[in-house]
Each structure stands twice: as C-alpha cells, then as structure tokens.
Amino acid sequence: MKIGILISGRGSNMTAIVEAVQSKQIPSSEVVVVISDKADAGGLQKAKKKNVETLVIEKNGRKRAEHDAEIVGELEKRNVELVCLAGYMRLLSPNFIQAFPNKILNIHPSLLPSFKGLDAQTQAFEYGVKFSGCTVHFVDESLDSGAIVAQKIVDVKDDDTAESLAARILEKEHALYIEAIAKIVGGNFKIEGRRVIFNALT
Ligand code: GRF
C-alpha cells in the first residue's frame, strides 16, 4: 500500500507512521511522499532524515480547490492509495475527497464527536471531562466528522494541565494511528453508514 502523508507542523504522528512502516509494524506498505502546506514545518526535516521524499505545496493565495488539485496531482503521480493527515491544518475540498474515496484518514486529539476543531485537548481540559483521548477517522467534507476507525481513552488526572494532558494524548495518538493504519492496510473491513466494521470476512 502506497501511503502519502500531509502535515503542517512538527510531524510527530508522521514520524511514528514512517517508523512503523519502515520497521514493518505496518506491513506491506511504503510512505512514498510527505507533503506540507508550510515551508517551515518541522516535520519536513524529520521525513528527510528517514529518507522519505518531501514536497512543500503552499496555498499562496490560491483557491482551496486549486491548491488541493496540485496536491492530488502529486499524490496520483506516485500512485498513493492511502492518504494520512497528520496535523494537516486545512479542510479538504470535495474534489480531494472524491479523488480518494474512503482512502483518507485523520487523527484528532479528542474522543469524537466531542471537542472538534482546534485545541481539542484544551477544550476537553477546560470542560472538565474525566477522560478524553484520540480518534482516527475517515475524512469527509466536514470538520472532524467522518466515520470512526479507532479510538483510545486517556484519563484526565487531578493534577493535569492542558499541556500535560495533551502530551499523554499525543503518546496514545502515535500508537493509535499505527494500529489504525495497519488495520486499514489489512483491508478486512467494511463501512456501514457511519460504522467501520473490522473482521468483516471472518
Ligand atoms: C496532533 O495532536 C493531531 O492529533 C492533530 O494535530 C497534532 C499534530 O501533531 N491533528 P504532530 O504534527 O503529529 O506532532
């Protein structure tokens, strides 16, 4: 399975995925490109160190559809079969999503559908929930709303700050994203409405 990863920032989830692919924890796969919409994304250097091709495709005042079309073109050129968003800070246009039906994953640092959008860990912390976590989901045209692939729970401790909670969630994110991609690459699943059901053939 040829994987393309989109980032905008530090790229710790991207690095976790690349390492899992290279160590075959995610089997039969290759990360063929990491694309950033920000030239200064820290993740770019991390990807290069792992010998993964990187591209910077900035929006540069273009319409979203135009920007996305360029990214889709580069993914298609490399025969990408699974797109993983890893801290990619943009909503995808309908054309992007239609180019990769049920082949785009995202990770979000809360238990969806709670706390969509930016700073989900702080939203959860300030709301006072006793547990939060992270979610890997398919991407659709709305923010953090596609069918859920996998989730992990993280307890909120009495002495937590928003930062300490975010750090523990991030550790779980790395493990969760790898598990979720391995399951999707395995292919033994079906999507019924909003439900992603694994071991569909057994
Ligand atoms: C992660 O918390 C991810 O859940 C969210 O953005 C952050 C990206 O972090 N979508 P990193 O770039 O993977 O380190």
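Before any of the text, the structure's been laid out above.
Residues numbered from 1 in each chain as written. Predicted model: local features only at pLDDT ≥ 70, side-chain atom pairs only at ≥ 80, totals over all residues. Heavy atoms only, no water.

Colleague: Mind showing me how you'd approach the nonpolar core here?
Modeller: A general feature of soluble globular proteins is that nonpolar side chains tend to end up buried together. Judged by nonpolar contacts, the single largest core of 40 residues is most densely connected at I5, I17, V31, L105, V149, Y177 and I181. It is helix 6 (residues 162–186) that provides the largest number of residues to this core, a total of nine residues. For Y177, the residues in contact, after removing those within four places along its chain, are N13, I17, C84, L85, A86, L105, N106, I107 and V136. Counting residues in hydrophobic clusters, the runner-up holds 19 residues, among them I35, L75, I97 and V139. (Core = buried A, V, L, I, M, F, W, Y, C linked by side-chain atoms within 4.5 Å. Buried < 20%, exposed > 50% of the residue type's maximum accessible area, 1.4 Å probe, protein only. Helix = DSSP H or I, 4+ residues; strand = E, 2+ residues; numbered from the N terminus. Contact = heavy atoms within 4.5 Å.)

Colleague: Honestly, the environment of A65 in this entry has me stumped. Any pointers?
Modeller: Checked against the element boundaries, A65 lands in helix 3 (residues 64–77). Residues A65 and P113, spaced 48 residues apart in sequence, show a C-alpha to C-alpha distance of 27 Å.

Colleague: Whenever I open this one, the site of the ligand confuses me. Can you help?
Modeller: As a structural note, the neighbourhood of the ligand is formed by R10, G11, S12, N13, G87, I107, H108, P109, Q121 and E173. Backbone polar atom of N13 to an oxygen atom of the ligand: 2.8 Å apart, as the coordinates give it. Contact with the protein chains covers 87% of the free accessible surface of the ligand, which is 370 Å². Residue composition of the shell around the ligand, by class: two nonpolar, six polar and two charged. (Near = heavy atom within 4 Å. Polar contact = N/O pair within 3.5 Å; in protein donor to acceptor, adjacent residues only side chain to side chain. Areas by Shrake-Rupley, 256 points an atom, 1.4 Å probe, with all protein chains shown as cover. Nonpolar A, V, L, I, M, F, W, Y, C, P; charged D, E, K, R; others polar.)

Colleague: Explain the pattern of salt bridges here, please?
Modeller: Opposite charge on two side chains lets them pair, provided their charged atoms get close. Following the criterion strictly, the structure yields 11 salt bridges and no others. When the shortest N-O distance is used, the salt bridge between K152 and E179 registers 3.1 Å. Taken as a pair, K152 in strand 7 (residues 148–155) and E179 in helix 6 lie far apart in primary sequence, 27 residues in all. The class of E179 is partly exposed, set by a relative accessible area of 41%. K190 is paired through a salt bridge with E192; the nearest N and O atoms lie 3.3 Å apart. K190 gets classed as partly exposed once you look at its relative accessible area, which sits at 37%. Looking at E192, the relative accessible area reads 40%, which means it is partly exposed. A cluster of three or more residues bridged by salt bridges with shared partners is formed by E53, E74, K77 and R78. (Salt bridge = Lys/Arg side-chain N within 4 Å of Asp/Glu carboxyl O.)

Colleague: Can you walk me through the environment of S8 in this structure?
Modeller: Structurally, S8 can be placed in the loop between strand 1 (2–7) and helix 1 (12–22). Each C-alpha atom of the pair S8 and V56 lies 9.7 Å from the other, and the pair is 48 residues apart in sequence. Residues contacting S8, with those up to four places away along its chain left out, are S36, D37, K38, A41, A86, G87, Y88 and M89. Within the structure, S8 has its side chain in polar contact with the side chain of D37 (distance 2.7 Å). At a separation of 2.9 Å, a polar atom in the side chain of S8 contacts the main-chain amide nitrogen of M89.

Colleague: What am I meant to see in helix 5 (residues 120–127) here?
Modeller: Since there are 3.6 residues in each turn of an α-helix, residues three or four apart along the chain are aligned in direction. Regarding helix 5, the residues found buried are A120, Q121 and A124. Considered in projection along helix 5, the buried side chains sweep an arc of 100° and stay on one side of the axis. Against strand 5 (104–108), strand 6 (131–138) and helix 6 lie the buried residues of helix 5. After helix 5 finishes, the residue G128 shows a positive phi value of roughly 90°. (Arc of directions from axis to C-beta.)

Colleague: In this structure, what is going on with the pairing of strand 5? I would like to understand it.
Modeller: Across the five residues that make up strand 5, a large majority, five, are buried. Across the two faces of strand 5 the burial is the same, with I104, N106 and H108 and L105 and I107 all buried. Bridge count between strand 4 (residues 82–85) and strand 5: three bridges; the pairing is parallel. Across the sheet, the residue bridging to C84 is L105, located in strand 5. Following the backbone out of strand 4, through helix 4 (residues 94–99) and into the adjacent parallel strand 5, one traces a crossover that is right-handed. Across four bridges, the pairing between strand 5 and strand 6 is antiparallel. Its bridge partner being in strand 6, I107 is matched across the sheet by V136. (Pairing = 2+ DSSP bridges. Right-handed = clockwise from strand over helix to strand, strands pointing away.)

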